[in-house]
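# Residue-level structure breakdown
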Amino acid sequence: MAVETYVIILKKCPMSEPAGNDRRDWIRNKKPGAGADEFARMAARGREELGSEGEASELLSELDGMLAKRFGPQANETGATAGAEKVAKQQTPAKVSSLRPWYAAAAAILLLLAAGYWWTTQTPAFNPEAVYAEAFSPYANELSGRSMGTPATMDSMNATLSAALLAYDRRDYGTAADSFAVYLRLAPAAAPQLYYGISLLADEQPTAALNALRPLQSDPDYGDPARWYAALAELRTGEIVAARNRLSAIANDATSLFTTKARNLLNTLPNTTK
Amino acid sequence: MLAATDLELVKAFCADDRREALGLLYQRYGHLVVGLCLDYLKEREAARDATMEIFEKVTLKVCNQPIDSFRAWLFYTSRNYCIDLLRKRVRERERLAKISEPNFVESSDADRPLSEERLQHLPDALAQLGEEQARCIKLFYLKGLSYTEVATTTGYDLKQVKSYLQNGRRNLRNHLEKMPHE
C-alpha cells in the first residue's frame, strides 16, 4: 500500500521529494515514513492537533476556497485533491445530474458569468498591515563578522553590536532594537542606525523607525535601503501619500536594489489623498 | 501542467505570469504548510490564516529568490513566518502577564522570558513536557487564554495553573536550550 501511494505521488508530482507524505495521507493522519523530511514530520505532528479526517478535509477545503478566491480559480480546478473533492461532493449532492444536459450547461455558463462579474467588481479592502507584512523582509545582515574597531579598546562596544546583530538574525527585533540603541549611543554610525530602524519597524514601532531611518535618506551606502524601509514605516503609520511618493522615487531609480519591490508595492496601494 | 516539476511551475509563474502554476504549487504543498502551522500555533483558525499569509508572501517573493528546491525554500519561509508569529504572541502574553501579575515573569537571567528562546524548537520541546504543563502552556501562550480561563478549561484550580505555567515555562526553556543549533 505504501509503495502504491509512493508511486502515485511520483507520477502526479515528480518534483515533490519522496520524503513528503501526500495530501490524502495527511488527511488520514497517516504518519510519514522513516525517511520523511522535517517538513513532512512537522506537518504530520500538526495534523494531530485536528480531530477526525472530516475536520482535516474541511480545513483543506476552506484553504482551497480561500486560495481560489485570492489567487484565481485555477487552484481548485487543477490541483484539488481527492480528499478535498470528497468533502465538496458530500456537501453538494448530485443535484446537477437531475437537470438535462443543456440546462446544466446553461446554468454553468450563467454561474461563470455571475462569478466573473463578481470577480471583476470586487475591490478588496486595503489593509496597510497586510500589505506591509507581504512586503517586509529583513535586510541582510552585512555587519556580522566585520571588525568594528580595535579589539583591545572596543570589546564592550563590539559585544553590544554582536548581541544586537544576533538578535536581529534571530528575528528577535525588540531585543535587537534595544541593543542597537545602546550601541548607537556609544558609537553613532550609519550601518547600525539602519538595522536599528529596521528592527524598530519589525517590532511594530513604525514612528520610531521613521525617526531612525530619516537621517540616512541621503547616505551614500545605506540611503537606498533606508528609503525602502522608511516607505514601509510610512505604510504602517497610515501615511499612504508619503509612502506612495517615496515608493515612486524608488521605482524610478534604476540604481536602487528595491525598484521591483517598490513597483510591486505601488500596485497594491490605493489612490488616496491621506 | 500537472506533471510539471516545482521549479518548472515557479518558472511558469515568474517568466510567463501563469498564475495557475502557482495555484498548483499551493495545492501541492497546502497540507504541509497548514500542518506545520498547526504544529507551531496549535490552533486551527490561526494555522489557516497563517497559511494564507505565507502563500501571499511566497507569491511576492518567489521570483526574487534563488531557489534550488522549492519545497525546502517553502519550508524555511513557512517556519520563519510561524516563529515570528509565535514570538510576537509569546512576547505579548509575557507582557500581559507582567502587568497583571508582576511576580509571574521574573526578571533574573535564570528565568528570562520565553520570547528570547529558540522558538523554532518549541513544538519538539513542548512534546517533552508533562501533560498538565503542556496543556497550560498551550492554552496560556498559544491560545491566549487568561489564568482564569485556563483554570476553567482544564479544571485545575488557579494555584495549580500558575504552578504548571511557572514550572512548564522553566522546563520548556531548559529543553529549548538543549536543542541543537541549526
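What you see is a predicted model; the values in this text were computed from it and never measured. (Residues numbered from 1 in each chain as written. Chains lettered and ligands numbered in written order. Predicted model: local features only at pLDDT ≥ 70, side-chain atom pairs only at ≥ 80, totals over all residues.)

Per the secondary structure count, chain B includes eight helices and zero strands. Helices and strands appear in chain B in the N-to-C order α-α-α-α-α-α-α-α. In chain B, which comprises 182 residues, the share counted as buried stands at 40%. Put simply, of all contacts in chain B between residues at least 6 apart along the chain, 61% involve residues at least 24 apart. (Helix = DSSP H or I, 4+ residues; strand = E, 2+ residues; numbered from the N terminus. Buried ≥ 20, exposed ≤ 12 C-beta atoms within 10 Å, placed from the backbone. Contact = placed C-beta atoms within 7 Å.)

Another aspect to go through is the overall build of chain A. When its secondary structure is counted, chain A shows 15 helices and zero strands. Burial status across chain A gives 32% buried among its 274 residues. For chain A, the share of sequence-separated contacts (at least 6 apart) that also reach a separation of at least 24 residues comes to 43%.

Turning our eyes to something else, we now look at the confidence of the model for chain B. Residues and elements named next belong to chain B. Averaged over every residue, the pLDDT of chain B is 83; residues scoring 70 or more account for 86%. Counted against residues more than four places away or in other chains, residues 106-110, with its pLDDT under 50, gives one contact. Interface confidence for the predicted complex, given as ipTM, is 0.77, next to a pTM of 0.50. (pLDDT = per-residue confidence, 0-100.)

Another aspect to go through is helix α15 (residues 259-268) of chain A. An α-helical turn contains 3.6 residues, so a residue and the one three or four places further along point in the same direction. Considered for burial, the residues of α15 of chain A that qualify are K261, A262 and L265 of chain A. Viewed end-on, α15 of chain A has its buried residues packed into an arc of 95°, placing them on one side of the element. (Arc of directions from axis to C-beta.)

For the rest of this paragraph, the subject is the nonpolar core. Counting residues in each nonpolar core, the largest one holds 60 residues, and the members touching the most others are L36 and C37 of chain B. With 14 residues, the single largest contributor to this core is helix α2 (residues 19-41) of chain B. The contacts of C37 of chain B, once residues within four sequence positions are left out, are G46 of chain A together with A47, A50, T51, S78 and C82 of chain B. L216, A231, L232 and A243 of chain A belong to the second largest nonpolar core, which has 40 residues in total. (Core = buried A, V, L, I, M, F, W, Y, C linked by C-beta atoms within 7 Å.)

The next thing to look at is the packing of helix α11 (residues 190-202) of chain A against helix α12 (residues 206-213) of chain A. All names here are of chain A. As a packed pair, α11 and α12 sit with axes 7 Å apart at the nearest point and diverge in direction by 165°. Taken as axis vectors, α11 and α12 run roughly antiparallel relative to one another. Seen from above, α11 lies across α12 with left-handed handedness. Counting all contacts with α11, which are made through Q193, Y196, G197, L200 and L201, the residues of α12 involved are P206, A208, A209, A212 and L213. The residue makeup of the contact of α11 with α12, split by class, is eight nonpolar, two polar and no charged. (Axes fitted to C-alpha atoms, helices over the stretch in contact; angles between N-to-C directions. Parallel < 35°, antiparallel > 145°, perpendicular 65-115°, else oblique. Left-handed = near helix turned anticlockwise from the far one by under 90°. Nonpolar A, V, L, I, M, F, W, Y, C, P; charged D, E, K, R; others polar.)

In this section: the interface of chain A and chain B. With 45 residues of chain A at the interface, the matching set in chain B holds 43 residues. Secondary-structure elements contributing two or more residues to the side of chain A that touches chain B are α2 (23-27), α3 (38-47), α4 (53-71), α5 (74-79), α8 (128-135), α10 (173-186) and α15 of chain A. With nine residues, the top contributor of residues to the side of chain A that touches chain B is α3 of chain A.

What follows is about α12 of chain A. Taken together, the buried positions of α12 of chain A are P206, A209, L210, A212 and L213 of chain A. The arc enclosing the buried residues of α12 of chain A, seen along the axis, measures out at 165°, which places them on a common side.

Take the environment of R135 of chain B next. As for its placement among the helices and strands, R135 of chain B is situated in helix α6 (residues 131-142). Separated by 33 residues in sequence, R135 of chain B and G168 of chain B have C-alpha atoms that sit 9.4 Å apart.

To continue, consider the environment of S248 of chain A. Locating S248 of chain A in the fold gives a position in helix α14 (residues 240-251). Sequence separation between S248 of chain A and L265 of chain A is 17 residues; the distance between their C-alpha atoms is 9.8 Å.

Okay, the packing of helix α7 (residues 147-154) of chain B against helix α8 (residues 158-178) of chain B next. Residue and element names in this part refer to chain B. Packing of α7 against α8 leaves a shortest axis separation of 9 Å and a crossing angle of 105°. As the angle between them shows, α7 and α8 are arranged roughly perpendicular. Residue-level contacts link Y147, T148, V150 and A151 of α7 to L158, V161 and K162 of α8. Of the residues assigned to the contact of α7 with α8, the class counts are five nonpolar, one polar and one charged.

So, on to unusual backbone geometry. Residue and element names in this part refer to chain B. Of note, the phi angle at D17 is positive, near 55°, even though the residue is not glycine. Turning to its location among the elements, D17 is positioned in the loop between α1 (6-16) and α2. For K42, which is not glycine, the phi torsion reads 60° and is therefore positive. Tracing the backbone shows K42 in the loop between α2 and α3 (44-61). Among the residues examined, K42 registers 22 C-beta atoms within 10 Å and is labelled buried.

Residues and elements named next belong to chain B. By secondary structure assignment, the location of L119 is in the loop between α4 (70-100) and α5 (122-127). For the pair L119 and V90, spaced 29 residues apart in sequence, the C-alpha separation works out to 9.6 Å. The residues touching L119, leaving out its near neighbours within four places in the chain, are I83, L86 and R87.

The next thing to look at is the confidence of the model for chain A. Looking at chain A, pLDDT values average 75 and 73% of them are 70 or higher. The model gives residues 1-21 of chain A a pLDDT under 50, and that stretch makes 31 contacts with residues more than four places away or in other chains.

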